[in-house]
Amino acid sequence: MSAVLCRSCGEPLARTVCDLGLSPVSNAFVRAENLSSGETFYPLKVMVCDRCLLAQLASSLPADTHFHSDYAYFSSFSNSWLQHSERYAQSMISRLGLGNESKVLEVASNDGYLLQFFVERGIPALGIEPTASTAAAARNKGVDTREIFFGRNSAERLAEEGWKVDLLIGNNVLAHVPDINDFVGGLPLVLNPEGVVTFEFPHLLKLIELNQFDTIYHEHYYYLSLTALLPVFARVNLRVFDVEKLTTHGGSLRLYLCHARASHLEAPAVQARAMEEQAIGLTSAERLAGFGRNVERIKRELLAFLIGAANGGQQVAAYGAAAKGNTLLNYCGVRDDMIAFVADKNPAKQGRFLPGSRIPVVAPDEIEHRRPDYLLILPWNIKEEIMLQNGGIRAWGGQFVVPIPSLEILP
Ligand SMILES: [Zn+2]
């Protein structure tokens, strides 16, 4: 068997961070008419490179497997994300002094949720979005959008057309690109000499600190840190000059980059974040490899709870048919013998079954009808919102359960 090579530096990968076994693709919800058919399971294992410390999946799916879900995610459906985006646009417009002579480019621009705030201020903006349905929604908002993938080749063509930009945005896209060197290599080609790139991504530090292993799924090739990204950027003569911590997606980082020779001064935050990563062990492949033990402990806690409830004749239901729930349930080997149903507000998911575990997805009003003793909250990042919306379960003595960072029963 030939070794898997690091997607950043090419070193053979030798160290496992955590091994979640086999799992179907997290967004492949099963229709009722397909219940008698099988599903394809793929390995879900994170390894870390001993040389450059990039945490990454050990294997990847065939290229056409990712985008087969028949509903697309529209960023504009989330109010809190829209507010986050508008604040970002306002702060960048004033920080960089952007006006109608400037240019802005966003990669993975989705439905124009962010670029609309630049367009409405008269700042020329272009979105890059390969998903046709979201790209069409962006054009309806007046956001010019190209249905292409970003990389060296497409960046060269954009530059030839005059797209040299003052601000280049990539929110939650880095973890999804199969060839990180080709993607990052395109950035300098479309960036003005004093232009700025910003990237937002869930921070590996939070994943390790809060046991967020259920954010591992096949669509996320990388689990990112400043430590592992610095060499990727340095290879194409980009440097990080500022970093902000964000609360989005359980704890994210926003990096600010520029050409190595640009005049932007490095903020003290860059060194401070690097020190934090060192303190929690992100600069040590050996320490990262210890994370697998926490993951195994959470599995035992959840199974002990579910077995106890089943033995006591109590019903457990779940809330939120999110991707992270699928990683958790499949890793723990839970089916509808342990969790009766999962409630979700998205009508496109209702009437279907979770991939692998085959737990039925129902509308939230089913909670009221079936009165479960426990409601297991799968998207822990919005647990306050879910507890507020489903507080009615307390009327029959129902309790909330959160499995991560460690199992907790909340009255
Ligand atoms: Zn490497």
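Below you will find a few notes about this structure. (Residues numbered from 1 in each chain as written. Predicted model: local features only at pLDDT ≥ 70, side-chain atom pairs only at ≥ 80, totals over all residues. Heavy atoms only, no water.)

This paragraph deals with the overall build of the protein. A tally of regular secondary structure across the protein gives 13 helices and 17 strands. In terms of C-alpha radius of gyration, the protein reaches 22 Å, essentially the compact-globule figure of 22 Å for 411 residues. Across the 411 residues of the protein, 53% fall into the buried class. Taking the intrachain contacts of the protein between residues at least 6 apart in sequence as the baseline, contacts between residues at least 24 apart amount to 69%. For the protein, the accessible area works out to roughly 17,700 Å², and carbon and sulfur atoms hold 51% of it. Charged side chains in the protein number 37 positive and 44 negative. The centres of these two groups are separated by 3 Å. (Helix = DSSP H or I, 4+ residues; strand = E, 2+ residues; numbered from the N terminus. Rg over C-alpha atoms; globule rule 2.2 N^0.38 Å. Buried < 20%, exposed > 50% of the residue type's maximum accessible area, 1.4 Å probe, protein only. Contact = heavy atoms within 4.5 Å. Areas by Shrake-Rupley, 256 points an atom, 1.4 Å probe, with all protein chains shown as cover. Lys, Arg positive; Asp, Glu negative; His and termini not counted. Charge placed at Lys NZ, Arg CZ, Asp CG, Glu CD.)

All right, on to the nonpolar core then. In this structure, Phe 213, Ile 216 and Ile 339 are the most contacted members of the largest nonpolar core, which totals 62 residues. Take this core: its biggest share by element is 6 residues, from helix α10 (residues 292–311). Beyond its immediate sequence surroundings of up to four residues, Ile 216 is in contact with Cys 18, Leu 20, Leu 44, Val 46, Leu 57, Leu 207, Tyr 223 and Thr 327. Leu 105, Phe 150, Trp 163 and Phe 233 belong to the second largest nonpolar core, which has 46 residues in total. (Core = buried A, V, L, I, M, F, W, Y, C linked by side-chain atoms within 4.5 Å.)

Quick look at the sheet that holds strand β9 (residues 222–223) now. Ordered by their spatial adjacency, 4 strands build an open sheet running β1-β2-β3-β9, and the pairing between neighbours is antiparallel. For this open sheet the edge positions go to β1 (15–23) and β9, each flanked by a neighbour on one side alone. The sheet contact formed by strand β3 (residues 55–57) and β9 spans 2 bridges and is antiparallel. Bridge pairing links Ala 55 to Tyr 223 in β9. (Pairing = 2+ DSSP bridges.)

Attention now goes to the coordination of the zinc ion. Every protein donor of the zinc ion is accounted for by Cys 6 (SG), Cys 9 (SG), Cys 49 (SG) and Cys 52 (SG), and the metal-donor separations fall at 2.3 Å. Between the 4 donor atoms coordinating the zinc ion, the angles at the centre fall across 100 to 118 degrees, so the site counts as tetrahedral. Sequence spacing among the residues donating to the zinc ion works out to C-x2-C-x39-C-x2-C. Note on accessibility: Cys 49 and Cys 52 belong to one class, buried. (Donors = N, O, S within 2.8 Å, 3.2 Å for Na, K, Ca; no water. Tetrahedral: all angles 85-135°; square planar, octahedral: opposite > 155°, others 65-115°.)

Attention shifts here to the pattern of salt bridges. Counted under the stated rule, the structure contains 17 salt bridges. Salt-bridge contacts for Asp 182 lead to Arg 152; the nearest nitrogen and oxygen are separated by 4.0 Å. Separated by 30 residues along the polypeptide, Asp 182 in helix α5 (residues 180–186) and Arg 152 in helix α4 (residues 152–160) bring together distant segments of the chain. For Arg 335, the salt bridge identified is with Asp 337, shortest N-O distance 3.8 Å. A relative accessible area of 53% means that Asp 337 is categorised as exposed. Beyond isolated ion pairs, a larger network of salt bridges with shared partners links Arg 95, Glu 200, Asp 242, Glu 244 and Arg 254. (Salt bridge = Lys/Arg side-chain N within 4 Å of Asp/Glu carboxyl O.)

Here we take up the pairing of strand β8 (residues 191–202). Here 6 bridges tie strand β7 (residues 165–171) to β8, and the two strands are oriented parallel to one another. Its bridge partner lying in β8, Ile 169 is registered against Thr 198. Regarding the hand of the β-α-β motif, the stretch spanning β7, α5 and β8 is right-handed. Relative to strand β11 (residues 252–259), β8 runs antiparallel, the two sharing 6 bridges. Across the sheet, the residue bridging to Phe 199 is Leu 255, located in β11. (Right-handed = clockwise from strand over helix to strand, strands pointing away.)

On to unusual backbone geometry, then. In this structure, Pro 405 follows Ile 404 across a cis peptide bond, with omega equal to 10 degrees. By the secondary structure assignment, Pro 405 is in the loop between β16 (399–402) and β17 (408–410). Residues other than glycine seldom take positive phi values, yet Asn 110 does so here, at roughly 50 degrees. Relative to the helices and strands, Asn 110 is located in the loop between β4 (104–107) and α2 (116–119). Given the relative accessible area of 12%, Asn 110 is considered buried.

Now for the pairing of β7. Along a regular strand, successive side chains alternate from one face of the sheet to the other. Burial analysis of β7 places 6 of its 7 residues in the buried class, the great majority of the element. As defined by bridge partners, β4 adjoins β7 across 4 bridges and the pair is classed as parallel. If you follow Glu 106 over to β7, its bridge partner there is Ile 169.

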